[in-house]
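Given next are the chains, with one letter for each unit.
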Amino acid sequence: MKKSVLTLFAVTIIAASLPANAFAWDDVGHKITAYVAWQRMTPATRENVIRVLRQAPEDAQLSTFYALYGPEPEETRKREFFELVASWADIVRDRSFETRYKKYHKSNWHYDDIFWRQVDGKAQMVTGMEEGGQGIKRLIEFDKELRDASTPDKEKAIAIAWLMHIGGDLHQPLHTSGRVTDLEPKGDQGGNLFLLSPQGTPRADQLNLHWFWDSIVSRSMPPRGEICGRQYVEQTADRMMKRFPFSKLQPRLEIGRYEEWKKETFDLNTTQVFRSDMKRNQIPTAAYRKNAFLVAEQQLVLAGYRLGETLNSIFGSMQPPTRAAR
């Protein structure tokens, strides 16, 4: 078996045993998007966002991730906290924290599927299907909450976390796709039912197309040498932003037009995801893998630019509350 094939299937036990619909972009992907957003955020926006996030409800266990002390400069600790916040919606999937799980885990907020059939390489919409996720609905609601001065900061903190997470998720093409086939008449669950593993592979060892796209960054550009997680995210995101600078993607930002974000992402499914060289029960070709990583890079950076500018528009001119004189 070729080395590239071995590499593709050399996943950890944890990754291989995750439920089929476990995650969107993995932790690395969300942190990269948050890092990019942070680079676009003004000093005032950063300060206001961190201040609000630290007011999160205690049972959300969100503000506990902020490191009050450490060897790193305070600005670095704030940024790392912000990056982690983007993954909070996945962190609360942990059933071990029952109270947090029951209150904050919302499985159908992470995606917003369009149901379609692939006919002659083009998308033919399918109507009459069951609800395909609430991603766009929730983005619109959280945007409205964040712009409402009467919304308490503790609620805004949760809204920021969800805005960052869903906004990132909906740039992963398969989080907008419910492809209908003869094998999947109710949709393929965002590629979760499209197996890359050979037929007969035990369920615990099966890999699918959704997993392939979620984990594409850490597989395509793994950390090298003695490097910490923060440095890995920094270096990877900086490289991506160099390839896709803000000036290049600025005309596509569409701030506040979340339906347009979804439509643009969905279109990638017919042109980039379900290409002619993507075959069921087969390892993606080298050409497919190379192109998919390039697409993912652009999507992660675009999401970061959009979310950073969205937060600027909400928090950039907000004045933090002044302390009452004693």
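> Looking at this structure, I do not really get the overall build of the protein. What am I missing?
Looking only at helices and strands, the protein features 15 helices and 3 strands. Relative to the compact-globule value of 20 Å for 326 residues, the protein shows a C-alpha radius of gyration of 20 Å, a close match. Oriented by its inertia axes, the alpha-carbon framework of the protein measures out at about 70 × 50 × 45 Å. Relative to its full complement of 326 residues, the protein shows a buried share of 49%. At a minimum sequence separation of 6, the contacts of the protein that also span at least 24 residues come to 74%. Accessible surface, the protein: about 16400 Å² in total, of which carbon and sulfur atoms supply 51%. The centroid of the 46 positive side-chain charges in the protein is displaced by 3 Å from the centroid of its 41 negative side-chain charges.

> It is not clear to me how unusual backbone geometry should be interpreted in this structure. Could you clarify?
Positive phi values are uncommon outside glycine, yet Q61 reaches one of about 50°. Topologically, Q61 is positioned in the loop between α4 (43-53) and α5 (74-85).

> Teacher, can you tell me more about helix α14 (residues 258-273) here?
Residues lying three or four places apart along an α-helix face the same way, a consequence of the helix completing one turn every 3.6 residues. The first and last C-alpha atoms of α14 sit 21 Å apart over 16 residues, in line with the 22 Å expected at 1.5 Å per residue. All buried positions along α14 are accounted for by Y258, W261, K262, T265, F266, L268, N269, T270 and V273.

> Can you help me understand the packing of aromatic side chains in this one?
Two aromatic rings, taken as a pair, are described by how far apart their centres are and by the angle between their planes. Per the stated rule, a full pass over the model turns up 14 aromatic pairs. Centre to centre, the rings of F194 and F274 are 5.8 Å apart; their planes meet at 70°, and the pair counts as edge-to-face. Of this pair, F194 sits in the loop between β3 (177-179) and α10 (209-214) while F274 sits in the loop between α14 and α15 (286-315); the two residues are 80 residues apart in sequence, bridging distant segments of the chain. The exposure class of F194 is buried, given its relative accessible area of 4%. Residue classification places F274 among the buried positions, given a relative accessible area of 5%. Taken together, a centroid distance of 5.2 Å and an interplanar angle of 90° make the contact between F246 and Y305 edge-to-face. Remark: Y305 occurs in helix α15 and F246 occurs in helix α13 (residues 246-249); sequence separation between them is 59 residues. For F246, a relative accessible area of 15% corresponds to the buried category.

> Could you clarify how one ought to interpret the side chain of H171 in this entry?
Residue placement: H171 occurs in the loop between α9 (153-169) and β3. Of the residues examined, H171 reaches a relative accessible area of 0% and is grouped as buried. Of the polar contacts made by the side chain of H171, one reaches the side chain of R306; its length is 2.9 Å. In this structure H171 touches W25, W261, T265, Q299, L302, A303 and R306, once residues within four positions along its chain are discounted.

> What exactly am I supposed to notice about the sheet that holds strand β2 (residues 122-125) here?
Remark on secondary structure: sheet strands pair via backbone hydrogen bonds, oriented parallel or antiparallel. One open sheet holds the 3 strands; their spatial order is β2-β1-β3, and the pairing between them is mixed. Edge positions in the sheet fall to β2 and β3, since each of these pairs with one other strand and no more. Adjacent strand axes in the sheet meet at a mean angle of 50°, parallel and antiparallel pairs treated alike. Pairing analysis gives 4 bridges linking strand β1 (residues 114-119) to β2, with the strands arranged antiparallel. When the bridges of β2 are listed, R117 appears paired with Q124. Against the sheet, α14 engages β1, β2 and β3, with an angle of about 30° to β1.

> Can you help me understand the pattern of salt bridges in this one?
When the charged atoms of two side chains lie near each other, side chains of opposite charge can form a pair. Scanning the model with the defined rule gives 24 salt bridges in all. Across the pair E184 and R280 runs a salt bridge whose closest N-O atoms are separated by 2.7 Å. Taken together, the positions of E184 in the loop between β3 and α10 and R280 in the loop between α14 and α15 put the pair 96 residues apart, joining distant regions of the chain. By relative accessible area, which is 5% here, E184 ends up buried. Salt bridges linked by common partners bring E72, R79, E83, R230 and E234 together as one network.

> Looking at this model, I keep getting lost on the nonpolar core. Mind explaining?
Where a protein is soluble and globular, its nonpolar side chains tend to be buried together. Among the nonpolar cores identified, the biggest contains 41 residues, and L53, L62, F82, W88 and M164 are the most heavily contacted of them. At the level of elements, α3 (27-40), α4, α5, α6 (88-91), α8 (135-147), α9, α14 and α15 are the ones that each hand at least two residues to this core. For this core, the leading source of residues is α9, giving 9 residues. Contacts of L62, omitting those with residues within four sequence positions, involve L53, A56, F81, V85, W88, A157, I158 and A161. Membership of the second largest hydrophobic core comes to 40 residues, among which are L209, W211, V217 and V273.

Rules used throughout
- The residue numbers shown here count from 1 along each chain, following its written sequence.
- The predicted nature of this model means local features are confined to residues of pLDDT at least 70 and side-chain atom pairs, given and counted, to a pLDDT of 80 or more, with totals for whole chains, interfaces and linings taken over all residues.
- Excluded from the side-chain calculations are hydrogens and water; all other atoms, namely the structure's heavy atoms, are used.
- Numbering goes from the N terminus for both helices and strands, where a helix is a DSSP run of H or I of at least four residues and a strand is a run of E of at least two.
- Every radius of gyration here is taken over C-alpha atoms, with the globule rule written as 2.2 Å times N^0.38, N being the number of residues.
- Here the term buried applies to any residue with accessible area under 20% of the maximum for its type, exposed to any over 50%, and partly exposed to those in between, with areas from a 1.4 Å probe on protein chains only.
- Two residues form a contact once any of their heavy atoms are found within 4.5 Å.
- Only the protein chains shown count as covering a residue, and every accessible area follows the Shrake-Rupley method with a 1.4 Å probe.
- The charge count treats Lys and Arg as positive and Asp and Glu as negative. His and the chain ends do not count.
- Every charge is mapped to an atom, namely NZ of Lys, CZ of Arg, CG of Asp or CD of Glu.
- Multiplying one less than the number of residues by 1.5 Å gives the expected span of a helix.
- Pairing of aromatic side chains requires ring centres within 6.5 Å, counting the rings of Phe and Tyr and the six-membered ring of Trp. Pairs whose planes differ by under 30 degrees are stacked, by over 60 edge-to-face, and all others tilted.
- Whenever a nitrogen or oxygen atom comes within 3.5 Å of another N or O atom, the pair is scored as a polar contact, on the condition that within protein one atom can donate a hydrogen and the other can accept it, and that pairs from neighbouring residues in sequence are kept only if both atoms are in side chains.
- Each pair of strands is called paired provided DSSP finds at least two bridges between the two strands.
- Between the N-to-C directions of two axes lies an angle of 0 to 180 degrees, each axis being a line fitted to C-alpha atoms and, for a helix, fitted only over the stretch in contact.
- When a carboxyl oxygen of Asp or Glu lies within 4 Å of a side-chain nitrogen of Lys or Arg, that pair is called a salt bridge.
- Throughout this description, the term nonpolar core refers to a set of buried Ala, Val, Leu, Ile, Met, Phe, Trp, Tyr and Cys residues connected via side-chain atoms within 4.5 Å.

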